[in-house]
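# Coordinate inspection notes
Here are the chains, one letter per residue:
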Amino acid sequence: MFVNIQERGKKQSKLLRQAFEQNKLAHSYLFVDANEIQALNTAYWLACLFNCSGTEKPDGTCQNCRQIISGNHPDVLLVKPEGKQNLGIDQVRLLKEELAKSPVQSNVRFFIINEAQKLTLPAANALLNLLEEPIAPVVTILITNNTDQILPTIRSRTQIINFTNNEKEKGKSAELLANGFSPSEVDSLEDTAKLDKKTRYFYQEMLEHNSLSLVSAHQLAEMAKSKSEQNYILFLLKKWAQAELNSSNQEIGARMLKYLLEIDKMQYSNVNFRNLLDFLALQWKR
Ligand SMILES: [Zn+2]
């Protein structure tokens with residue numbers, strides 16, 4: 001279970017571990033995760049980290065960890081809709097009653113509220129003071145797949161930890177690995193937002209026979225200094241051309257792919273990247 005979290009929620013668990021080690025865990029968190037599973041695992045992971053009696057925290061094997069993971073720790077409570085449409089006020093009241101008693105085994109309680117987008121308005125309102133000034137030590141973790149459905153008053157009282165981008169990144173990494181990029185190349189391509197945008201412009205300008213495509217070719221070549229960035233741009237262009245093949249623009253796709261294959265050959269004879277993009281823009285403009 002924990003190996004899984006270390007790999008998939010690396011950034012998020014690192015952040016939480018830091019907060020824990022500096023004694024700065026927030027009262028309340030909002031974990032945002034498209035499929036909620038990773039967020040839920042991380043919530044349990046955090047409760048284990050806090051309660052673990054082993055040396056390598058959290059080990060997942062000591063009595064506390066095992067109790068938490070199996071859902072049997074008296075101070076780690078999970079609230080979820082149990083198949084119902086809503087999370088009602090009764091369930092929030094139960095948490096508050098629980099908080100009025102003293103913790104059984106630990107000195108801090110963990111309340112995990114899954115599918116928090118299903119909280120009814122009264123339930124959400126009843127939660128507010130728990131999130132803001134709990135009467136006893138507690139870390140409340142709300143988990144949702146949709147922040148838009150969480151009341152702003154709740155959002156503003158929680159520290160938001162987002163798992164969703166991570167999932168998107170993971171999809172991209174897998175795609176690049178499947179297309180011949182090495183793991184170190186994929187790592188070096190961590191933030192490609194600017195390249196994506198500029199490459200998209202360049203592609204559109206070519207299709208529109210816009211002379212700006214030559215300017216964009218030069219700008220792209222300036223931006224893409226490393227071999228992996230250059231390969232990434234060519235990968236995007238091929239991917240989009242390939243997509244045209246399956247649409248009503250088959251001819252465009254076929255023509256673009258033909259030039260891109262020529263570029264592949266030119267790369268072997270060490271033509272510099274700027275000249276490759278120039279070639280593409282000029283071929284297209286003819
Ligand atoms: Zn443990």
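None of these values were measured; they are calculated from a predicted model.

Conventions and cut-offs
Residues numbered from 1 in each chain as written. Predicted model: local features only at pLDDT ≥ 70, side-chain atom pairs only at ≥ 80, totals over all residues. Heavy atoms only, no water. Donors = N, O, S within 2.8 Å, 3.2 Å for Na, K, Ca; no water. Tetrahedral: all angles 85-135°; square planar, octahedral: opposite > 155°, others 65-115°. Buried < 20%, exposed > 50% of the residue type's maximum accessible area, 1.4 Å probe, protein only. Domains from an automatic or database assignment. Helix = DSSP H or I, 4+ residues; strand = E, 2+ residues; numbered from the N terminus. Contact = heavy atoms within 4.5 Å. Polar contact = N/O pair within 3.5 Å; in protein donor to acceptor, adjacent residues only side chain to side chain. Core = buried A, V, L, I, M, F, W, Y, C linked by side-chain atoms within 4.5 Å. 1 Å grid on protein atoms, 1.4 Å probe; cavity = no way out; pocket = protein on both sides within 12 Å on 5 of 7 lines; lining within 4 Å. Points joined across faces, edges and corners; volume = space filled by probe spheres on them. Nonpolar A, V, L, I, M, F, W, Y, C, P; charged D, E, K, R; others polar. Lys, Arg positive; Asp, Glu negative; His and termini not counted. Salt bridge = Lys/Arg side-chain N within 4 Å of Asp/Glu carboxyl O. Phe/Tyr/Trp six-rings, centres within 6.5 Å; stacked < 30°, edge-to-face > 60°. Expected span 1.5 Å × (residues − 1). Arc of directions from axis to C-beta.

### Concerning the coordination of the zinc ion
At this site the zinc ion is bound by Cys52 (SG), Asp59 (OD), Cys62 (SG) and Cys65 (SG), with donor distances of 2.0 to 2.2 Å. Of note is the zinc ion, whose four donor atoms meet at the metal with angles of 95 to 118° in an arrangement that counts as tetrahedral. Along the chain, the residues donating to the zinc ion are arranged with the sequence spacing C-x6-D-x2-C-x2-C. Overall, the relative accessible area of 26% leaves Asp59 in the partly exposed class.

### What about the domain arrangement of the protein chain?
As assigned here, the protein chain comprises domain 1 (2-167) and domain 2 (179-285). Each of domain 1 and domain 2 was reduced to a C-alpha centroid, and the two centroids are 44 Å apart.

### Description of the environment of Asn51
Tracing the sequence through the fold places Asn51 in helix α3 (residues 37-51). Once residues within four sequence positions are removed from consideration, Asn51 is found in contact with Asn64, Ile68, His73, Val76, Ser106 and Phe110. At 2.9 Å, the side chain of Asn51 and the side chain of Ser106 are in polar contact.

### With respect to unusual backbone geometry
Put simply, Lys57 and Pro58 share a cis peptide bond, and its omega is -15°. Note on placement: Pro58 falls in the loop between α3 and α4 (63-69). A positive phi angle, close to 55°, is found at His209, a residue other than glycine. Mapped onto the elements, His209 comes out in the loop between α10 (193-207) and α11 (212-223).

### As for the nonpolar core
Counting 32 residues, the largest nonpolar core has Phe202, Tyr232, Leu237, Met256, Phe273 and Leu280 as its most contacted members. Of all the elements in the fold, those that place two or more residues in this core are α10, α11, α12 (227-245), α13 (250-268) and α14 (273-285). Here this core takes eight residues from α12, the largest share from any one element. Once residues within four sequence positions are removed from consideration, Phe202 is found in contact with Ser213, Ser216, Ala217, Leu220, Leu237, Leu277, Leu280 and Ala281.

### Overview of the layout of surface pockets
The space that makes up the second largest pocket amounts to roughly 320 Å³. Along its surface, the second largest pocket is lined by 14 residues, and Asn231, Leu234, Lys238, Asp264 and Gln267 are the ones closest to its centre. Listed by contribution, the elements that provide at least two residues to the lining of the second largest pocket are α12 and α13. Looking at the lining of the second largest pocket, the element that brings in the most residues is α12, giving six residues. Split into classes, the residues belonging to the lining of the second largest pocket amount to four nonpolar, four polar and six charged.

### Digging into the side chain of Glu36
Mapped onto the secondary structure, Glu36 falls in the loop between β1 (28-32) and α3. Although buried, Glu36 forms no salt bridge, and the nearest oppositely charged side chain, Lys118, lies 7.2 Å from it. Within the local environment of Glu36, its side chain forms a polar contact with the side chain of Gln117, the two groups lying 3.1 Å apart. When sequence neighbours within four positions are dropped, the list of residues in contact with Glu36 reads Asn114, Glu115, Gln117, Ile143, Thr144 and Asn145.

### Describing the packing of aromatic side chains
One pass over the structure, following the stated rule, counts eight aromatic pairs. The interplanar angle of 80° and the centroid separation of 5.8 Å between the aromatic rings of Phe181 and Phe235 together place this pair among those described as edge-to-face. Taken together, the residues Phe181 in the loop between α8 (164-178) and α9 (183-188) and Phe235 in helix α12 connect sequence positions 54 residues apart. Judged on exposure class, the residue Phe181 and its partner Phe235 are both buried. Ring geometry for Tyr232 against Phe235: centres 6.2 Å apart, planes inclined by 35°, an arrangement best described as tilted. On the criterion of helical spacing, the pair formed by Tyr232 and Phe235 is a turn pair, its members being three residues apart in helix α12. Taken individually, Tyr232 and Phe235 each receive the classification buried, so the pair is uniform in this respect.

### Brief notes about helix α5 (residues 89-100)
For the α-helix, the turn length of 3.6 residues means that residues three or four positions removed from each other point alike. Here α5 spans 17 Å end to end across 12 residues, near enough to the 16 Å set by a 1.5 Å rise per residue. Within α5, burial applies to Gln91, Val92, Leu95, Glu98 and Leu99. For α5, the angular spread of buried residues about the axis comes to 115°, placing them on one side. When the buried face of α5 is taken as reference, the exposed residues oriented beyond 90 degrees from it are Asp90, Leu94 and Ala100.

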